[in-house]
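# Report on the structure
Listed below, chain by chain, are the residues.
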Amino acid sequence: MKWYIKLALVFIAIIGLVIGFIIYDRLTSGKIIYKTIIDGTQYKQQVLKFNIEQPKLTHVLIINPSIESGWGDPDVFIIATLTDPQNNNLVTIGRDIVFGGIKPSPAYQRSYSDYREKFPFKPTLVGEYTFKLTVLTEHVKDVYIAVGRKGK
């Protein structure tokens, strides 16, 4: 087999993997119904409010902190709660959840997606939901927050 055919097959395989990852991410995130970026100031509690109009479908809370330039790739710790209109807790994120995880080797550098975590939940009511978040780690530039809805 000629070298350019092998190269073309490798290129097609890489494209297939990328498309597969995109499809997998969409399936696990659902249709984004709310998204925002909030300040990553350490110990500052931030409160977000958003509406859910289709309860009983599985939803996904997506949290992706981003590190300030020049500070490497530290583990990030956040505390957060998501409550429904009647103040029932749907998602609780404590100090035991690590955004970024553990580096497998000294030469490893994390990518943007290494910090993203997804938390599925199932709302039961139509109305305004409250999300409270506090960043516990220094040098977090901002935090991307999104809510996706799975199903129709």
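Our subject is the structure listed above.
Reference entry: report on the structure contained in this document. All of these numbers come straight from a predicted model, not from anything done at the bench. (Residues numbered from 1 in each chain as written. Predicted model: local features only at pLDDT ≥ 70, side-chain atom pairs only at ≥ 80, totals over all residues. Heavy atoms only, no water.)

## As for unusual backbone geometry
Backbone geometry at Lys56 places phi at a positive 75 degrees, although glycine is not the residue there. With respect to the helices, strands and loops of the structure, Lys56 is situated in the loop between strand 2 (45–52) and strand 3 (59–67). Using a relative accessible area of 61% as the deciding quantity, one classes Lys56 as exposed. Here His139, not a glycine, exhibits a phi torsion of approximately 65 degrees, which is positive. When you line up the elements, His139 lands in the loop between strand 7 (127–135) and strand 8 (140–149). (Helix = DSSP H or I, 4+ residues; strand = E, 2+ residues; numbered from the N terminus. Buried < 20%, exposed > 50% of the residue type's maximum accessible area, 1.4 Å probe, protein only.)

## Section: a nonpolar patch on the surface
Together, Met1, Trp3, Tyr4, Ile5, Leu7, Leu9 and Ile12 make up a nonpolar patch on the protein surface, roughly 840 Å² of accessible area in all. By secondary structure assignment, the location of Met1 is in the segment before helix 1 (3–29). (Patch = residues over 30% accessible without salt bridge, like charges linked within 9 Å, V, L, I, M, F, W, Y side chains within 5 Å. Areas by Shrake-Rupley, 256 points an atom, 1.4 Å probe, with all protein chains shown as cover. Salt bridge = Lys/Arg side-chain N within 4 Å of Asp/Glu carboxyl O.)

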